[in-house]
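One-letter residues, chain by chain:
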Amino acid sequence: MILEDKTQVAELINRCLKLKDKIKPKNLEIYNSSFIDQKFSNQECDIVYKKKGQQVFFLIEHQSKIDYSMPKRILKYQIAIMEMAMKNKKIIKKNEKLPLVIPIVIYTGTGKWNVAKYIKDCQEQLEGLDNMDLGSYVILDSNEYTKQELLQDKLFILKMMALEKTKNPDELYDNLEEITQKKIEKINRDILIRVIKYIYSETLGEGKTKNIISRLERVGDKEMIIEVIKKDREQQWLRGRQEGERIGERRGEKLGITKAITQIVKEMLQKQMKDEDIIDITKIEEKELEKLKMA
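From a predicted model like this one, the values you see are computed outputs, not experimental measurements.

Participant: Help me get a handle on unusual backbone geometry, residues and values and all.
Facilitator: The phi angle at Lys-18 is positive, at roughly 55°, despite the residue not being glycine. Inspection of the secondary structure assignment puts Lys-18 in the loop between α1 (6-17) and β1 (28-30). One non-glycine residue with positive phi stands out, namely Lys-20, at about 60°. In this fold, Lys-20 is placed in the loop between α1 and β1.

Take a look at the structure:
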């Protein structure tokens, strides 16, 4: 009954917020909290007042017991009041202000109130990061980078942001060419192939789409081949060392190319890879390569 008296409420608000007499009884109106009652069932807030002419709300909550979940509860009430005040608006204009909800808790329990007043005081913290106020956020804005910075950054998502900013098919193709010229991790390469196939293929056209995807797939084959050769050369070195222990290291160092590498070279030739690339990757001698080409 007391909280339904605007004069009492105005004095309460001014006292708690140290506003002197800035809030006048005539400027307050009881806000319809039926939505909040339905949403939170038995945990509904006691009463909500609105300042006339402004989207400023005063949430007054009465507690007879200590409740350590109060910061979370207050947050739920604030969001609910904001949503109701804006009628679930999905689009907010640039200069449009969000409602302000000011909570006041009246406590009449026996023990001293010792609950955190700010939700950040009872949240987990991330080492090395300053406390973030609720509702604040970190922004990664592509407009703070040049196109080249986006394309050349090692963070793959920045490369994708560069694609998102492309204005025409030619620019898109050029950006994709630049991205595919450098090594891409397999998981990111697979993502990029799917993005090209299902998002950019219509923009690029069939020919350019096939060209870029085949280049990405060839890079994958090359990486796989290098890994196989690396393992095979490790085994070859081990066999050479073992052989060298019996008949001298020089014999081990001069072991010929293995069957595995021979097979890999044949597969590379079938894929029509350049001779210099095959020699660079496999370390095979040119005369050995010519023999395999003639086989």
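Following the structure, the description resumes.
Participant: Can you explain the pattern of salt bridges? Please cite residues and give values.
Facilitator: What the rule picks out here adds up to nine salt bridges. In this structure, Lys-186 and Asp-190 form a salt bridge, with 2.9 Å as the shortest nitrogen-oxygen distance. Pair noted here: Lys-186 and Asp-190 are both in helix α7 (residues 186-204), with a separation of four residues, about one helical turn. Asp-190 gets classed as partly exposed once you look at its relative accessible area, which sits at 28%. As a salt-bridge pair, Glu-290 and Lys-293 come within 3.7 Å of each other at their nearest N and O atoms. Placement of both Glu-290 and Lys-293 in helix α12 (residues 286-294) is noted, with a separation of three residues, approximately one turn of the helix. With relative accessibility at 33%, the residue Glu-290 sits in the partly exposed group. You can call Lys-293 partly exposed: its relative accessible area is 38%. The structure contains a network of salt bridges with shared partners spanning Glu-61, Asp-67 and Arg-73.

Participant: I'd like a description of the packing of aromatic side chains, backed by residues and values.
Facilitator: In total, this model carries two aromatic pairs according to the counting rule given. Plain terms: the ring middles of Tyr-31 and Phe-57 are 4.7 Å apart, the flat faces sit at 70° to each other, and that makes the pair edge-to-face. One end of the pair, Tyr-31, is in the loop between β1 and α2 (34-40); the other, Phe-57, is in strand β3 (residues 56-63), with 26 residues separating them in the sequence. Grouping residues by exposure puts Tyr-31 and Phe-57 together as buried. Plain terms: the ring middles of Tyr-107 and Trp-113 are 5.0 Å apart, the flat faces sit at 55° to each other, and that makes the pair tilted. Overall, the relative accessible area of 22% leaves Tyr-107 in the partly exposed class. Here Lys-208 stacks its cationic end above the ring of Tyr-173, 5.0 Å away from the centre of that ring.

Participant: Give me the lowdown on the layout of surface pockets, citing residues and values where you can.
Facilitator: Roughly 960 Å³ of internal volume is contained in the largest pocket. Along its surface, the largest pocket is lined by 26 residues, and Ile-74, Gln-78, Pro-103, Lys-117 and Tyr-118 are the ones closest to its centre. Examining the composition of the lining of the largest pocket, we find that seven residues originate from one element, strand β4 (residues 100-107), more than from any other. When its residues are assigned to classes, the lining of the largest pocket shows 21 nonpolar, two polar and three charged.

Participant: Explain a nonpolar patch on the surface to me, and be specific about the residues and the numbers.
Facilitator: On the surface, Leu-126, Leu-129, Met-132 and Val-138 cluster together into a nonpolar patch covering about 390 Å² of accessible area. Along the chain, Val-138 turns up in the loop between β4 and α4 (147-152).

Participant: Please set out the packing of helix α5 (residues 156-164) against α7 residue by residue, giving values where relevant.
Facilitator: Contact pair α5 / α7: the axes reach a minimum separation of 12 Å and the direction vectors enclose 15°. The orientation of α5 relative to α7 falls into the category roughly parallel. Handedness of the α5/α7 crossing: right-handed. Only Asn-188, Leu-192, Val-195 and Tyr-200 of α7 make contact with α5, whose side of the interface consists of Phe-156, Met-160, Leu-163 and Glu-164.

Participant: Tell me about the sheet that holds strand β2 (residues 47-51), residues and numbers included.
Facilitator: Where strands meet in a sheet, backbone hydrogen bonds hold them as pairs that are either parallel or antiparallel. One open sheet holds the four strands; their spatial order is β1-β2-β3-β4, and the pairing between them is mixed. Across the chains shown, the open sheet's two edge strands, defined by having one partner strand only, are β1 and β4. Strand-to-strand twist of the sheet, defined as the mean angle between neighbouring strand axes without regard to direction, takes the value 25°. Relative to the sheet, α1 contacts β1, β2, β3 and β4, its axis offset from that of β1 by approximately 115°. Contacting β2, β3 and β4, helix α3 (residues 70-86) runs over the sheet at an angle of about 145° to β3.

Parameters and conventions
Residues numbered from 1 in each chain as written. Predicted model: local features only at pLDDT ≥ 70, side-chain atom pairs only at ≥ 80, totals over all residues. Heavy atoms only, no water. Helix = DSSP H or I, 4+ residues; strand = E, 2+ residues; numbered from the N terminus. Salt bridge = Lys/Arg side-chain N within 4 Å of Asp/Glu carboxyl O. Buried < 20%, exposed > 50% of the residue type's maximum accessible area, 1.4 Å probe, protein only. Phe/Tyr/Trp six-rings, centres within 6.5 Å; stacked < 30°, edge-to-face > 60°. Lys NZ or Arg CZ within 6 Å of the ring centre and 35° of its normal. 1 Å grid on protein atoms, 1.4 Å probe; cavity = no way out; pocket = protein on both sides within 12 Å on 5 of 7 lines; lining within 4 Å. Points joined across faces, edges and corners; volume = space filled by probe spheres on them. Nonpolar A, V, L, I, M, F, W, Y, C, P; charged D, E, K, R; others polar. Patch = residues over 30% accessible without salt bridge, like charges linked within 9 Å, V, L, I, M, F, W, Y side chains within 5 Å. Areas by Shrake-Rupley, 256 points an atom, 1.4 Å probe, with all protein chains shown as cover. Axes fitted to C-alpha atoms, helices over the stretch in contact; angles between N-to-C directions. Parallel < 35°, antiparallel > 145°, perpendicular 65-115°, else oblique. Left-handed = near helix turned anticlockwise from the far one by under 90°. Contact = heavy atoms within 4.5 Å. Pairing = 2+ DSSP bridges.

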